[in-house]
Amino acid sequence: MFCGIVGFTGKNYQSAPILLKGLQKLEYRGYDSAGLFVSDQALGTDQLVKENGRVSELEKLVSSKNVTGNAGIAHTRWATHGVPSVNNAHPHVSADGRFYLVHNGVIENYIELKENYLKNVEFHSDTDTEVAVQLIDKFVKDGLTTFEALKKLISLLDNNSAYGFLLMDREEPERMYVAKQKSPLLIGIGSDFNVVTSDAVAMLDQTHDFIELHDGEIAIVDPDNVQLFAANGDAISREAFHLDIDATETDKGAYPFYMLKEIDEQPVVIRQLISRYLPKDGQPQIGEGIVKDMLAADRIYIIAAGTSYHAGLVGARLFERWAGIPTEVHVSSEFAYEQPLLSEKPFFIFLSQSGETADSREVLQNINAQGFKSLTLTNVEKSTLWREATYALPLLAGPEIAVASTKAYVAQVTLQAILAYALADREQLHLNLEQELSKIAIAIQGIIDDKEQLQEVAKNLLVESPNAFFIGRGIDSTVVLEAALKLKEISYVQTEGFAAGELKHGTLALIEEDTPVIAIMTQPRLAGLVRGNLAETQARGSKTYTIVTQKIATEEDDLVLPDVNELLTPLVSVVPAQLLAYYTSLERGLDVDHPRNLAKSVTVQ
Ligand code: M6R
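Treat the numbers as computed from the prediction; the structure is a model and nothing was measured.

1. What to know about the overall build of the protein chain
On a plain count of helices and strands, the protein chain comes out with 19 helices and 25 strands. Here the C-alpha atoms of the protein chain give a radius of gyration of 25 Å, agreeing with the 25 Å that 2.2 N^0.38 yields for 605 residues. The principal-axis extent of the C-alpha atoms belonging to the protein chain is close to 75 × 55 × 45 Å. Here the protein chain holds 605 residues, and 61% of them are scored as buried. The contacts in the protein chain between residues at least 6 apart in sequence include a share of 72% that link residues at least 24 apart. As displayed, the protein chain offers around 22,600 Å² of accessible surface, 46% of which is attributable to carbon and sulfur atoms.

Below is the structure:
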C-alpha cells in the first residue's frame, strides 16, 4: 500500500484530533478507507474506530463516539491486498485484542508466513498487515518481548517486502513501536510529546524537527523519549533535522482544490528557482561537484516515472542541445529490470516530486551497487532518493498535494534547464536564461489570469467526450504525453498523446465524428506538418483545438501563447493542458485532487 501513517504520544493531550488532522493532510497518499486506535493512559481505556471511504467519514464516526486518549496511531489506506472495506482498513488487531498495527507497504511472502505460523488463527481481513500483527502476537505468546517480536517479524519478511510499521501494545498504552523498510517514516520530536508520520507535512502543526528512520531500523517512541535501534538490535543515535516549511503551505486556503492552487503557484515556483540557482549575475549556482561529475560523463541517463518521466523527456533535449551531452530518458520501472547497455562514464539523474517512488529507488540502489554517480532532483528534501543519491537538489516547488502533478513538472523542467545551462558553453548559447525564465513566468501568469476561457473549452470539447487526443511534433511531442496523462488521470476521459506523425500509422482509425483532437504547436519548422495531420483528422469529423505560439499563429488558431525559447515552450504549453484537465474533471463533478484508484506517492513497485 502507499497509504498514510500518523502516530502521536504525549502526556496531557487528546490525540484523536491531532491524528485526524494528520490523516487529512495525508489523504493524498490513499483514500479508500481510514482508521485509528487511541488509548487513554489516565482512564485505562482505548478505542478502535475504522471507516470505509474518505477521512471525513472517519471523522464523523469519531465525533459520534467519545474517543479520548493521549496516544494513538492512524492510517489512511490505498488498497493493495483486499478491497476497500472496514475489515480491511487499518489499524489491524491481533486475535486477543492486545496489539494494534498500521502498515504502509506490501509483505510479499505473507501467505507463506500465514501458512507456516498461523494455521489455526481466525482472520478478519484479506490483508498482509493482519498476518503481521497476528505474528507479533504469536511471538509474544511464545515468550518474546514486543520489541523482540517485532524484530523477529521483520527478519521473516522477504527481501521484496516493503513496510512502514507503527505498532501499539495495550500493555504499554503510551508507547509506539516503529519499523521501516523501503517505505518512508519519520519521528517528529516535540517538547512533551513525540509523533510518527509517513510524511512530515502531516505533522507540521506539531513539530518541524524530525529524525529519519533508515531501512531495517526500529524505534521505540514514548511521550518523553525516542530510542533508535539498528537492524541487529544495537542502540544507535541520530540528530533530528529541522524542516523549514511553513505549515500554511499545505492548506488550500480559498481554493476549491489543491490542483488549482498548485497550477496558480507555477510562476512563483519558477521565480524561486531563478533566485536560488541563477543569482543576480546570471551565473548558475548548482555546486561544483555536480558540474564536474556531469561534465566528465559521456552520457546522462534520466530515470523517472509518470509526470516526472515526461519532464525528463524535455530535460534530455536540453542536455543534448545546450550541453552537448548525449542523454537517454528511461521509465524507472522498466530500467530497474531491463538495464540497457550503459556507456563507459554514465551519470544518472533521478527526477521525482516525492523522492519516494519505489520504481526509481530500485534503479538508484542498482546503480549505487555498480558505483555510478547520481543526482536527484526532488521536491522533498531528506526523502529516500535525496539521501541515497550522490547529489541532490531541491525543486523548491513547495508541498504538492493534488495527486495530479503540475508545479513539480514545471520545477523539474526549469531546474534541468538551469543544469543544462550550467554545463553549456554559455557564450555559444546566446541565451540569458534568467531573463527567459522570467518571461516564461509572466507568460504562465497570463494563461492563469485568463483561465475561464479554458473552462468553456473543457465544457464544449471534452466533458461529454469518451476519448480525446493530443498531438504535437518535436518538443511538443513530449508535452502532449503530459497533457494526455493529466486529462486521463483526473477526468477519466480516455486520452492518448502522441507524435503527430504517428497518427496515420494507426491511431487515425479511432477518429470519428466529434472526437476531440488538440494540437500543441510551438515550433515554426514543424507547424505546417502538424496542421496537415490535424486536417487529416478533421476530414474524418474530429473537433479540433489548437494551442500555438505567437510566431506561428493564424486567425484560425484557438489559443495563442507568447513566444519563448523553443526548448522551453513545454513550461508554457503544459499550463493550458493542466487547466483543461482540471476543468474537465470539475465539470464532470469529480474529486479533482483524489482521482479514483490513484495515490500521490507510489512507494510500492
Ligand atoms: O513522486 P514522483 O515524481 O516520483 O512520482 C511519479 C509519478 O507517480 C507521478 O508523476 C504521477 O504520474 C502523477 N500522478 C501524475 O500526475
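That covers the picture; the talk isn't over yet.
2. With respect to the sheet that holds strand β4 (residues 71–77)
Across the sheet, which stays open at both edges, the eight strands sit in the order β3-β2-β4-β1-β10-β9-β11-β15 with antiparallel pairing between neighbours. Whereas interior strands pair on both sides, the edge strands pair on one side only; in this sheet they are β3 (45–52) and β15 (241–242). Bridge count for strand β2 (residues 33–40) against β4 is seven bridges, and the pairing is antiparallel. Bridge assignment links Ser39 to a residue of β4, and that residue is Ala71. Sheet strands in contact with helix α2 (residues 55–64) are β2, β3 and β4, and its direction is about 140 degrees off that of β3.

3. What about the environment of Phe8?
Checked against the element boundaries, Phe8 lands in strand β1 (residues 4–10). Given the relative accessible area of 0%, Phe8 is considered buried. Distance in space between the C-alpha atoms of Phe8 and Ala369 is 37 Å, their sequence separation being 361 residues. Beyond its immediate stretch of four places on either side in the chain, Phe8 contacts Tyr13, Ser15, Ile18, Leu19, Asn70, Ala71, Gly72, Met176, Phe193, Asn194 and Val195.

4. Some remarks on the packing of aromatic side chains
Evaluation of the coordinates by the stated rule reveals 16 aromatic pairs. Ring geometry for Tyr13 and Phe193: centres 5.4 Å apart, planes at 70 degrees, overall edge-to-face. Taken together, the residues span a long stretch of sequence, with Tyr13 in the loop between β1 and α1 (15–26) and Phe193 in strand β10 (residues 193–197) at a distance of 180 residues. Relative accessible area serves as the criterion here: at 26%, Tyr13 is assigned to the partly exposed category. An aromatic cluster is present here, built from Tyr301, Phe335, Phe348, Phe350 and Phe372 joined pairwise through their rings.

5. Overview of the pattern of salt bridges
As enumerated under the stated definition, the model contains 28 salt bridges in all. A salt bridge links Asp137 to Lys141; its shortest N-O distance comes to 2.7 Å. Of this pair, Asp137 and Lys141 both sit in helix α4 (residues 128–141), four residues apart, roughly one helical turn. Among the charged side chains, a salt-bridge network with shared partners connects Lys180, Asp215, Arg361 and Glu388.

6. Section: the site of the ligand
Taken together, 15 residues lie around the ligand, and Ser308, Ser352, Ser354, Thr357 and Glu489 are the ones closest in. Ser352 is positioned with one of its side-chain polar atoms (N or O) 2.6 Å from an oxygen atom of the ligand. Take Lys486: an N or O atom from its side chain is 2.9 Å from an oxygen atom of the ligand. Contributing elements (two or more residues each) for the shell around the ligand: α9 (306–323) and α17 (476–491). There are two domains that each give the shell around the ligand at least three residues, and those are domain 2 (252–447) and domain 3 (450–591).

7. Some details on the domain arrangement of the protein chain
How big an interface is tends to be stated in terms of the accessible area lost upon association of its parts. Taken as a whole, the protein chain is organised into domain 1 (4–250), domain 2 (252–447) and domain 3 (450–591). Relative to domain 3, the C-alpha centre of domain 2 lies at a distance of 25 Å. Between domain 2 and domain 3, the residue contacts involve 35 residues of the former and 33 residues of the latter. Along the contact surface separating domain 2 from domain 3 lie one salt bridge. The residue Lys451 makes a salt bridge to Asp264 at a minimum N-O spacing of 3.6 Å. The tally of links between domain 2 and domain 3 comes to ten residue pairs in polar contact (both at pLDDT 80 or more). For the side of domain 2 that touches domain 3, the secondary structure elements donating two or more residues are α6 (258–264), α9, α13 (407–423) and α15 (433–449). Considered class by class, the residues forming the side of domain 2 that touches domain 3 number 22 nonpolar, eight polar and five charged.

8. Looking at helix α16 (residues 452–462)
All of the buried residues along α16 are Leu454, Gln455, Val457, Ala458, Leu461 and Leu462. Along the long axis of α16, the arc covered by the buried residues comes to 160 degrees, so they all point the same way.

9. A word on the environment of Ala231
As for its placement among the helices and strands, Ala231 is situated in the loop between β13 (225–229) and β14 (235–236). Given the relative accessible area of 52%, Ala231 is considered exposed. As a C-alpha pair, Ala231 and Ile218 span 13 residues in sequence and 6.9 Å in three-dimensional space. For Ala231, the contacting residues outside a window of four places in its chain are Lys151 and Gly216.

10. Quick look at the sheet that holds strand β7 (residues 162–169)
A sheet is described by the order of its strands in space; here seven strands give the open sequence β5-β6-β7-β8-β12-β13-β14, paired in antiparallel fashion. Two strands in the sheet have a free side with no partner beyond their single neighbour: β5 (92–93) and β14. In terms of strand pairing, β5 meets strand β6 (residues 99–106) through two bridges, oriented antiparallel. Bridge pairing in β6 links His92 to Leu101. Against the sheet, α4 contacts β5, β6 and β7, and its axis sits at roughly 135 degrees relative to β6. Along the sheet, helix α5 (residues 146–156) makes contact with β6, β7, β8 (176–181), β12 (218–222) and β13, crossing β8 at roughly 15 degrees.

Basis of the calculations
Residues numbered from 1 in each chain as written. Predicted model: local features only at pLDDT ≥ 70, side-chain atom pairs only at ≥ 80, totals over all residues. Heavy atoms only, no water. Helix = DSSP H or I, 4+ residues; strand = E, 2+ residues; numbered from the N terminus. Rg over C-alpha atoms; globule rule 2.2 N^0.38 Å. Buried < 20%, exposed > 50% of the residue type's maximum accessible area, 1.4 Å probe, protein only. Contact = heavy atoms within 4.5 Å. Areas by Shrake-Rupley, 256 points an atom, 1.4 Å probe, with all protein chains shown as cover. Pairing = 2+ DSSP bridges. Axes fitted to C-alpha atoms, helices over the stretch in contact; angles between N-to-C directions. Phe/Tyr/Trp six-rings, centres within 6.5 Å; stacked < 30°, edge-to-face > 60°. Salt bridge = Lys/Arg side-chain N within 4 Å of Asp/Glu carboxyl O. Near = heavy atom within 4 Å. Polar contact = N/O pair within 3.5 Å; in protein donor to acceptor, adjacent residues only side chain to side chain. Domains from an automatic or database assignment. Nonpolar A, V, L, I, M, F, W, Y, C, P; charged D, E, K, R; others polar. Arc of directions from axis to C-beta.

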